[in-house]
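Residues per chain, in single letters:
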Amino acid sequence: MAPPKVLMVAEKPSIAVSIASVLSRGKMFTRRVSTEVHEFDGVFFGSPAQFKVTSVIGHVFSVDFPPKYQDWAATDPLDLFEAQIVKNESNPKAHICRHLNQEARGCRYLVLWLDCDREGENICFEVIQSTGFNIKDTYRARFSAVTEKDVMKALDNLSTPNRDEALAVDARQEIDLKVGVAFTRYQTSYFQGKYGNLDSRVISYGPCQTPTLGFCVQRYLQINTFKPEKFWSLHPYIIFQGYEIQLEWQRGRLFDKTVAMMFQKLVAEDGFLEVTEISEKQETKGRPVGLNTVNLLKVASSALGFGPHMAMQIAERLYTQGYISYPRTESTAYPPSFDFRGTLSAQANSPTWGSYVQGLLANGYHKPRSGTDVGDHPPITPMKSVTEDTLGSDAWKLYQYICQHFIGTVSPDCKYLRRKVEFSIGGESFHCTGHQVIAKGFTAIMPWLAINDKNIPSFTKGQKIEVSKLELYEGTTSPPDYLTESELISLMEKHGIGTDASIPVHINNICERNYVQVQASRRLVPTTLGITLVRGYQSIDPDLCLPDIRSFIEQQITLIAKGQADHHCVVQHVIQQFKQKFSYFVKKIEDMDALFEAQFSALTDSGRAMSKCGKCLRYMKYISAQPTRLYCGTCEEVYYLPPMGTIKLYKELSCPLDNFELLVCSMPGPEGKAFPLCPYCYSNPPFEGIESLINTVKNGPSGKIGKGAGMPCTLCPHPTCPNSLVSQGVCACPECSGTLVLDPLSAPKWRLCCNKCNCLVFLAQGAHRISTTKERCPECDSSVVEVDFNKKTTPLEDGSTLHRGCILCDELLHSLVEMKHGRGFRRMGSRGGRGRGGGRRGGYRGRGRGKMVDPKMSFRDF
């Protein structure tokens, strides 16, 4: 009887490799499918078994609304709160679901090696659904690092997936989708198109994102409304035993100058300070507790200069490479069974801190301070030693801190002697303090936390010392500074906004949405749009931007994860709350609009005249702020343009369908392609089926093709327009189902650009002119091109300059063709191609599915 087959699934391909390498001891066969599959023989539950280890790439499914809710114009955002949601494959092109189903065939057991957090638990059930396994034959491996010890321990202690934690993620996903999309669609539709300098493609709302923005705006408002006040402080100086010491006033500072001057007079009249008290006390600065995700992100931002999003990306890479333990954890307490000696020993040969670690191992390390055990993962810990040369600069900085922090947790406390001397003069009390370090302890490995020695002379009680100088310092109170990322993370943690895994995402979102900007010292300065949004929420319903509701939601989701609350009841309760708030928000939207009017310019006052409208023949204004668009003030119509590139008028030509003047969009960079477009056709494609070709749906606020996705002339099947695909298309793209089209602005570096992908084909360089003709190649059905060569560089033998031919079949033209951003970057060989195919004739079938040709002549096989 053949041994049973065991399918093991990890969350990332790199983790699958690590697990398979450990379990097979490096003796495995690997084959590439959607993701790699590693096969080997081994032992499972004491019996021989055949193993297959593969992976997903994050979530298998993502939540979305059914197709009937995708059209912004046809869907009332209020209906989204009651809409059913569907789970679609997150990455359809990767075919992960099909891959898992195929690999599961013939397997007896399923072992899930997903990350050990709620998201990982949710992916467990996505994998179970994709493979069709019975839950009785499914096991869960729980691990915190991909070292041999941790992997083997996890295999020996398999458990079952936690459905409650998976349902908690489902609840959060459904709430965030419905609330976020409803508010985002409504306010985007309402505000976009009204204001010209409103620089944002989508005006989004998120139950976590918006309270995060609220913290930044709250600090901005504190700064703007701050009123500085003058204060005065008394500072007497003494010179004693070679030291000049400034004494601190017990009163600190006063805000009344007259009273401060009165005290100054009393001190000045006395002239001598009397030592009234001398105290000496040994104090301790405790070593740190274990490192959790939030504290790592705070240090990365404040000390290392990494944003939270980048810090987590680096940490995850270090984890998958086996250098650190799992980087997403809320716990700061180590489990009782943690192997401190083994972890320290792994760092004993480090050229950076190896000698310090050897000292700890020889003299005895200390047990870490008691932290918080949330029950998820141990604190973030280094798992093996590595050098800077191996990791690179950024990853090394983060790894170095993780190592120093861990070593610090098992080092002695820092001990120092604190001396305080108190003085009296004119009825007022002053003091000075000094520090003397007795034992550096953990600050030897974490020097930025060190206590600095501060020496003061020896005094005796009752001793009198003359004042050498008396200063009445005048200062002014200053406002707080803008929030740093580190401070924002602390606020989010305090108020329960997001999780250790999602906090970096929320901060990254408010930056990408142009709500805040990261400035010097990684301080978050809200933009005009961010400030106006929050002030608008505050004027309508402050709960929308306050942390209280989200904190409540997170508490309820935690109860679901613990099995103490019903998933359906929590979701329905929260959705109904937000539905009521949304209805009220819609009624009061004019309150927010009044704030927008005060900050942003109307469309009629924005932009510059560019091209004529085909309806009224008046000039339309070009508005460069995102989303880029043309606005006709007479017709009061908005026409959206490609989101990137430079827009210019195209030779004062007009579209034969609607009489709009044509534009040309030039993408940035030396290899950026250029293509003509009609503003009206781009937003309102006149041909059926074009949406599937553009790979988009009607999702704009007006029901038109979504902003930034439309039909340029290179996709237009008009049979006679000289700028359409039919006229300018040359042959099929070798990389996709698109067509290579002549770039009208590429002279003298003539080239063809695919109308779907980024494939470029360079033609005869330096030619005076290259144009398409109505002739077709009898061999491959491609368009024949006409080339007018430069007289000085013409390759024609008789010195003539004009030549017609197919770039695939004509030997001369073919020798001058060079492909870039395709499957290679080299001169073409002697093979030709199948031409433009069905797509050229309006069928949009792409890759030359018309005329059958010799496969040796296939451009696609190049």
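All figures in this text were calculated on a predicted structure; none of them were measured in a lab.

**Some thoughts on the pairing of strand S30 (residues 769-776)**
Argument step 1. In the sheet, S30 pairs with strand S31 (residues 783-788) via five bridges, with the strands oriented antiparallel. Its bridge partner lying in S31, Arg-776 is registered against Ser-783.
Argument step 2. In textbook terms, the turn of a hairpin is the stretch between consecutive antiparallel strands, and for S30 and S31 this stretch comprises six residues, one of which, Asp-781, has a positive phi near 70°.

**What about a negative patch on the surface?**
Argument step 1. A contiguous patch of negative charge, built from Glu-330, Asp-373, Asp-376 and Glu-493, is present on the exposed surface.
Argument step 2. For Glu-330, the position within the fold is in the loop between helix H9 (308-320) and helix H10 (340-345).
Argument step 3. For Glu-330, a relative accessible area of 40% translates into the label partly exposed.

**Section: the UniProt feature "domain: Toprim" (unreviewed entry) in the chain**
Argument step 1. Here the UniProt-annotated "domain: Toprim" (unreviewed entry) positions come out as residues 5-145.
Argument step 2. Helix and strand shares over residues 5-145 are 25% and 31% respectively, and the end C-alpha atoms of the span are 25 Å apart.

**Brief notes about the packing of helix H6 (residues 209-224) against helix H16 (residues 528-540)**
Argument step 1. Axis separation between H6 and H16 bottoms out at 9 Å; the angle between their running directions is 100°. When the axis of H6 is compared with that of H16, the two are roughly perpendicular. Across the interface between the two elements, Thr-210, Leu-213, Gly-214, Val-217, Tyr-220 and Leu-221 of H6 pack against Gly-530, Ile-531, Val-534, Tyr-537 and Gln-538 of H16.
Argument step 2. Tallied by class, the residues present in the contact of H6 with H16 amount to seven nonpolar, four polar and no charged.

**Focus: the sheet that holds strand S25 (residues 674-677)**
In any sheet, the strands associate via hydrogen bonds between backbone groups, in a parallel or an antiparallel arrangement.
Argument step 1. Taken together, the three strands give an open sheet; going across it, the order is S23-S24-S25, and neighbouring strands pair in antiparallel fashion. Bordering the open sheet on either side are strand S23 (646-654) and S25, each of which pairs with just one other strand. Taken pair by pair, the neighbouring strands of this sheet meet at an average axis angle of 30°, ignoring direction.

**Things to note about the sheet that holds strand S32 (residues 802-805)**
Argument step 1. Spatial ordering of the open sheet is given by S30-S31-S32, a layout of three strands whose pairing is antiparallel. Each end of this open sheet is capped by a strand with a single partner; those strands are S30 and S32. Strand after strand, the sheet turns through a mean of 20° between neighbouring axes, direction not considered.

**Overview of the pairing of strand S20 (residues 619-623)**
Argument step 1. Relative to S20, strand S19 (residues 608-612) runs antiparallel, the two sharing four bridges. For Arg-608, the partnering residue across the bridge sits in S20 and is Tyr-622.
Argument step 2. A loop of six residues connects S19 with S20, the two strands running antiparallel in sequence, and Leu-617 in this loop sits at a positive phi of about 65°.
Argument step 3. Summarising the sheet, S20 and strand S21 (residues 629-632) pair through three bridges and their orientation is antiparallel. Residue pairing across strands places Tyr-622 opposite Leu-630, the latter belonging to S21.
Argument step 4. Counting the residues in the hairpin turn of S20 and S21 gives five residues.

Scoring rules and cut-offs
For every chain, the first residue of its written sequence is number 1, and the numbers climb from 1 along that sequence. Residues qualify for local features only when their pLDDT is at least 70, as the model is predicted, and side-chain atom pairs are given and counted only at 80 or more; totals for whole chains, interfaces and linings, by contrast, use all residues. Here the side-chain values reflect all heavy atoms present in the structure, with hydrogen atoms and water set aside. By the convention used here, strands pair only if DSSP detects at least 2 bridges between them. What counts as a helix is a DSSP run of H or I of at least four residues, what counts as a strand is a run of E of at least two, and both are numbered from the N terminus. Patch building starts from residues that exceed 30% relative accessible area and form no salt bridge, then joins like charges within 9 Å and nonpolar side chains (Val, Leu, Ile, Met, Phe, Trp, Tyr) within 5 Å. Reported accessibility uses the Shrake-Rupley method at a 1.4 Å probe radius. Residues are deemed covered only where the shown protein chains occlude them. Counted as salt bridges are all cases of a side-chain nitrogen of Lys or Arg within 4 Å of a carboxyl oxygen of Asp or Glu. In this tally, Asp and Glu contribute negative charge and Lys and Arg positive charge; neither His nor the terminal groups of the chain are included. Here the site of a charge means NZ on Lys, CZ on Arg, CG on Asp, or CD on Glu. Any residue under 20% of the maximum accessible area for its type is buried, any over 50% is exposed, and the rest in between are partly exposed; the area is computed with a 1.4 Å probe on protein chains only. UniProt positions are given in the numbering used here, feature names are shortened, and annotations may be inferred rather than shown by experiment. Here the axes come from fitting lines to C-alpha atoms, over the contacting stretch only for helices, and the angles between their N-to-C directions go from 0 to 180 degrees. In this scheme, roughly parallel covers angles under 35 degrees and roughly antiparallel covers those over 145, while 65 to 115 is roughly perpendicular and the rest are oblique. Contacts are assigned to residue pairs that have any heavy atoms within 4.5 Å of one another. All amino acids are sorted into three groups, where Ala, Val, Leu, Ile, Met, Phe, Trp, Tyr, Cys and Pro are nonpolar, Asp, Glu, Lys and Arg are charged, and the leftover types, Gly among them, are polar.

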